[in-house]
Amino acid sequence: MEPSKDPVLIVGAGPVGMLLAHALSRLSIPSLLFEAKPANETTRFPKMDLTNCRSMELLRHLGLADAYRSLEGSVSTNERFESVFMTSLSPEGKELGRWSVPSVDEQREESESVNDGSYSVESEQRCSQIVFERWMRGSILQDKNIGFRGGWRYISHVEEGDTVKVRFVDTNGIERAVIGSYLVGCDGGRSGVRRNAGIGMIGGTVPVRFYLVHFRSSALSNYLTAQNARFWHAFPAGSGFIIDQDGKDTFTAHYPLPASDTADSSHISPHEAVYSVLGGSLTPFKFEIDTILADSIWQPSFSIANSYISSSGRVLLAGDAAHRSPPHGGYGLNSGVADAVDLAWRLAAITKGYGGPLLLQSYNLERRPMMMRALVRSHRHLKEHVQLGQMYELHWDVLNEDSEKGREVREALRKFIRASGPDTLDEGIELDLRYGFSPCIVPDADGGDAADVPWIVSRYSPSTKPGHRAPHVFLSDRKTSIYDLLGPEWTLIQFTTSSPSSADELKKADTLLTSAKKLNFPLKHIVLTNEPHAHKIWERDLILVRPDTHVAWRGNHCPDAREAETILSIVSGSMARPGYTQSKNPEEEKFLDVVAALGLNGRGGDERDDQPNIVREAEDNDEAKDNDKGGKGRESKL
């Protein structure tokens, strides 16, 4: 049998692999998606919990956001994001503090009211990965542009010139060879693709472990509703945490285990673990559990690949195969969503012939520093949870007392929790992604490049400076977001007035449009007339927006024909911007400092990173077992 040939081969049909395939299909690029598990089998573990505002924005751009929110199992948009800290969830427990975040509906109302460009076009969404994967799998299996190979185990690959030859074992145990132009490893933290590409990891596994118990309990649900005590996360003192997965009757408890224990949970039953978590600093809190849906041990990791692309440029990494993050802050899978969307348009541009090789090199140069920044922030959140645990231990005897000392301690804890703040509101991490250092970004020619808006971790500062994410703003009808006008590929936004000079103003775009047609560069031209509010926020008359909604170029004047071709050649990766030299990754030093603080290997990876994040899931995954000789551990949390 002759090897088959396809433009893009994707190993791993988790959320990142499926979103990559979907995004490619939307751009008319076929792909083959390989998954070791059968087509009808998706994860049993609630690894993803929150899809953040940037991921939701990207899902909206892919046409998926509304359907995702309406899924059975997605939490209602009128539910607030409550994270509660208490001594115990039992009636005798006392609250120690809380993080309260407005509901999706409340955030939408505020965004429409303020409309200053500082908000995302979408708010976050609570939904378990169990629900997300099942939904996406159904969509993928119906897509004629995507060939799905369930039960096919990745073995190895070889890069040969302008192709990649990949070896699989199919469902009948027969070895198959598949040839593609590119291979993308979306095969999780234990990525065999990454290992065979010779790409090492920096970092390793964090020395803490949790026993995860995913269960249904109508009794707990009724109790919380009767007490008016529904939450998103609950953190009973000293006992782990619990997540309300659907706002109904499905929960996941995470019981801390000693780091030195063997990788099993035989010393405690699932029921005992749940009762201990909810009991907190008091006695175990017991209630009827209807069903144990899944249980296992997971261990967070803190690591990133040395590169997101192989030395010959034909193999790329996305999602957990490229980076492994603790759950604090929710940066893991959310960063994987951005990887998938970002990589899809680059592969599409090259496959269609108008994109150059720098597009894939800049994928590594742009995405990797942003993930390092997210990992450093995740470590900050992790440290605060550790510090809070130390405060509990110091005052353990009086945590729940009605004495003056007990009240003083609880007030101090309340202040600490309030000052720490929710770890899912880092809009600087989520939205304020800046790629101005990329060779494929054209800096301002009018001096605007000299002054940048200061980057703040907790806030997104709207700007259309090249490299920045384009800001969302509602137009004068107060209903239409400028994001809804963006095309699936490139968009040229042009602002004009309603004055008699408008006809002349329209000519500003002529050379760019003519050059785009000449270069087969797919460009949607949007003219916004008499939109002074949006124009002020978007800062220039002409703004060229990439398919990932980042600004590639902007200006107020019509470029001449040569300049227009140069601009399009740079942003499409055919040439580097003039004067470009690759600078040192500004986030690397901070990241390596955190790696050292955690006692992990600063270069080349950590042998402990070979351990799977969710033990039982890896045991159930034939691909993980067969790649165990050189693979790495699977990511467990979002």
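Residues numbered from 1 in each chain as written. Predicted model: local features only at pLDDT ≥ 70, side-chain atom pairs only at ≥ 80, totals over all residues. Heavy atoms only, no water.

Caption draft 1: Structural view of the packing of aromatic side chains. Summed over the entire model, instances satisfying the criterion amount to 23 aromatic pairs. Taking the centre distance of 5.5 Å and the plane angle of 85 degrees together, the rings of Trp345 and Trp490 count as edge-to-face. Pair noted here: Trp345 is in helix α9 (residues 332-352) and Trp490 is in strand β20 (residues 490-496), with a separation of 145 residues, a long-range link. Exposure remark for Trp345: the relative accessible area of 2% places this residue in the buried category. (Phe/Tyr/Trp six-rings, centres within 6.5 Å; stacked < 30°, edge-to-face > 60°. Helix = DSSP H or I, 4+ residues; strand = E, 2+ residues; numbered from the N terminus. Buried < 20%, exposed > 50% of the residue type's maximum accessible area, 1.4 Å probe, protein only.)

Caption draft 2: Representation of the sheet that holds strand β4 (residues 81-86). One open sheet accounts for 7 strands, arranged β5-β4-β13-β14-β15-β12-β16; its pairing is mixed. Of all the strands in the sheet, just β5 (95-101) and β16 (291-298) have a single pairing partner and so form its edges. Taking the axes of each pair of neighbouring strands and ignoring which way they run, one obtains an average angle of 15 degrees across the sheet. Sheet topology places strand β12 (residues 209-216) next to β16; 7 bridges connect them, and they run antiparallel. Counterpart to His214 in the pairing with β16 is Ala294. Each of β12, β14 (241-244) and β15 (250-257) is contacted by helix α7 (residues 218-226), which is oriented at about 100 degrees to β15, the strand it contacts most. Contacting β4 and β5, helix α11 (residues 404-420) runs over the sheet at an angle of about 20 degrees to β5. (Pairing = 2+ DSSP bridges. Axes fitted to C-alpha atoms, helices over the stretch in contact; angles between N-to-C directions. Contact = heavy atoms within 4.5 Å.)

Caption draft 3: Looking closely at the environment of Arg377. Residue placement: Arg377 occurs in helix α10 (residues 358-394). For Arg377, a relative accessible area of 17% gives the class buried. Taking the C-alpha atoms as reference points, Arg377 and Tyr331, separated by 46 residues in sequence, lie 9.3 Å from one another. When sequence neighbours within four positions are dropped, the list of residues in contact with Arg377 reads Tyr331, Asp426, Ile429 and Val457.

Caption draft 4: Representation of the confidence of the model for the protein chain in the model. Put simply, the protein chain has an average pLDDT of 90, and 90% of its residues get 70 or more. Confidence drops under pLDDT 50 across residues 604-612; counting only partners more than four residues distant or on other chains, this segment forms 33 contacts. A low-confidence stretch, residues 618-638 (pLDDT under 50), is modelled with 79 contacts involving residues beyond four sequence positions or located in other chains. (pLDDT = per-residue confidence, 0-100.)

Caption draft 5: Layout of the packing of helix α1 (residues 15-26) against α9. Running from amino to carboxyl end, α1 crosses α9 at an angle of 30 degrees, the nearest separation of the two axes being 8 Å. Judged on the interaxial angle alone, α9 and α1 are roughly parallel. Considering only the axes of α1 and α9, their crossing is right-handed. Residues Pro15, Val16, Leu19, Leu20, Ala23 and Leu24 of α1 form the contact with α9, whose own contacting residues are Leu333, Gly336, Val337, Ala340, Leu343, Ala344, Leu347 and Ala348. When the residues that make up the contact of α1 with α9 are grouped by side-chain class, the tally is 13 nonpolar, 1 polar and no charged. (Parallel < 35°, antiparallel > 145°, perpendicular 65-115°, else oblique. Left-handed = near helix turned anticlockwise from the far one by under 90°. Nonpolar A, V, L, I, M, F, W, Y, C, P; charged D, E, K, R; others polar.)

Caption draft 6: Fine view of unusual backbone geometry. Notably, Glu539 is not glycine yet its phi reads approximately 75 degrees, a positive angle. Secondary-structure assignment places Glu539 in the loop between α15 (532-538) and β22 (542-545). Judged by its relative accessible area of 31%, Glu539 is partly exposed. The residue Thr549 is not glycine, and still its phi comes out positive at about 70 degrees.

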